[in-house]
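Summary of structural features
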Amino acid sequence: GKTAEDVLLGFRDTVRNEVRRTLALEHVSVAITPFASGHYELYETHVQSQGRTPQPYRAFTGLLCAEARLNGELVSVISFVPAKPIVKVFSISSSRVGADKETATNIGFLTKRLVYELCVWGIEHGYDGVDLAYVNTVDPTKKGITDFKMGFGGEVRKEYQYEKMSTLVNVFRTILKHRTNHVSKFIKK
């Protein structure tokens, strides 16, 4: 039952102002589109710039993307799974690293705008919310992305993942866990 304005009002003041600034930027376009090779190229470059290994292209099959273009160039992409009743974010990527200061700032603002656009898309298509995925409030190296996600308000929920496995795999993992714990205890002493 929320409107786009209600969603925007739920964002922190600074995030709300940054999103609104993008509405006045010239030469900006935002859209929700099927995942394409250009989105993957931006994602791959972004992930590799952080020293991480990208997911394979096939992991993005069937996903949708919120994309932002600045002067016609793709600068930010949020890939997501439309898993009704929730829009589940799969990855957030941008070309902020290496850009000049003003462009990097605008790309950061546009990435926040894309979260807003996902919320609006969700409202228009009958979704209950947007899941920005995990937040890590313990690891200081994750502070930037955690602050980014927390700026949109909402709530942090505990999430549990269950895994179905055969009895043989379960026994094998139990043995390995026991061996690992034993080795860890030995090393600690």
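A brief structural summary. Computed from a prediction, not measured in an experiment: that's the story for all the values here. (Residues numbered from 1 in each chain as written. Predicted model: local features only at pLDDT ≥ 70, side-chain atom pairs only at ≥ 80, totals over all residues. Heavy atoms only, no water.)

This brings us to the overall build of the protein. Along its length, the protein carries six helices and five strands. Along its sequence from the N terminus, the protein presents helices and strands in the succession α-α-β-α-β-β-β-α-β-α-α. Taking all 189 residues of the protein together, 33% fall into the buried category. Intrachain contacts of the protein at a sequence separation of at least 6 include 60% that bridge at least 24 residues. Carbon and sulfur atoms provide 54% of the accessible area of the protein, an area that totals close to 12700 Å². In the protein, 26 side chains carry a positive charge and 20 a negative one; their mean positions are 13 Å apart. (Helix = DSSP H or I, 4+ residues; strand = E, 2+ residues; numbered from the N terminus. Buried < 20%, exposed > 50% of the residue type's maximum accessible area, 1.4 Å probe, protein only. Contact = heavy atoms within 4.5 Å. Areas by Shrake-Rupley, 256 points an atom, 1.4 Å probe, with all protein chains shown as cover. Lys, Arg positive; Asp, Glu negative; His and termini not counted. Charge placed at Lys NZ, Arg CZ, Asp CG, Glu CD.)

Time to look at helix α4 (residues 101-124). Between its first and last C-alpha, α4 extends 35 Å over 24 residues, near the 34 Å set by a 1.5 Å rise per residue. Where burial is concerned, most of α4 is hidden: 18 out of the 24 residues are buried. Sitting at the amino-terminal end of α4 is D100, which places a side-chain oxygen 3.2 Å from the backbone nitrogen of E102. Positive backbone phi, at 80 degrees, marks G126, one or two positions downstream of α4. (Expected span 1.5 Å × (residues − 1). Polar contact = N/O pair within 3.5 Å; in protein donor to acceptor, adjacent residues only side chain to side chain.)

To continue, consider the packing of aromatic side chains. A complete count under the given rule lists 12 aromatic pairs for this structure. Centroid distance F11 to Y116: 6.4 Å. Interplanar angle 85 degrees. Geometry classified as edge-to-face. Taken together, the positions of F11 in the loop between α1 (4-10) and α2 (13-24) and Y116 in helix α4 put the pair 105 residues apart, joining distant regions of the chain. Ring plane angle 65 degrees and centroid distance 5.3 Å describe the contact between F80 and W121, whose orientation is recorded as edge-to-face. Within this pair, whereas F80 is found in strand β3 (residues 73-83), its partner W121 is found in helix α4, the two being separated by 41 residues in sequence. Of the residues examined, W121 reaches a relative accessible area of 12% and is grouped as buried. Each member of the aromatic cluster is reached from another via a ring pair, and the members are F35, Y40, Y43, Y57, F60 and F90. Taking the ring centre of Y127 as reference, the NZ or CZ of K84 above it sits at 5.2 Å. (Phe/Tyr/Trp six-rings, centres within 6.5 Å; stacked < 30°, edge-to-face > 60°. Lys NZ or Arg CZ within 6 Å of the ring centre and 35° of its normal.)

Turning next to the pairing of strand β4 (residues 86-94). Sheet topology note: the β3/β4 ladder contains eight bridges and is antiparallel. Looking at β4, one finds that V77 is bridged to S93. Between the antiparallel neighbours β3 and β4 lie two residues. The pairing of β4 with strand β5 (residues 129-131) spans three bridges and is classified as parallel. Its bridge partner lying in β5, V87 is registered against V130. As a crossover connection, the stretch from β4 through α4 into β5 is right-handed. (Pairing = 2+ DSSP bridges. Right-handed = clockwise from strand over helix to strand, strands pointing away.)

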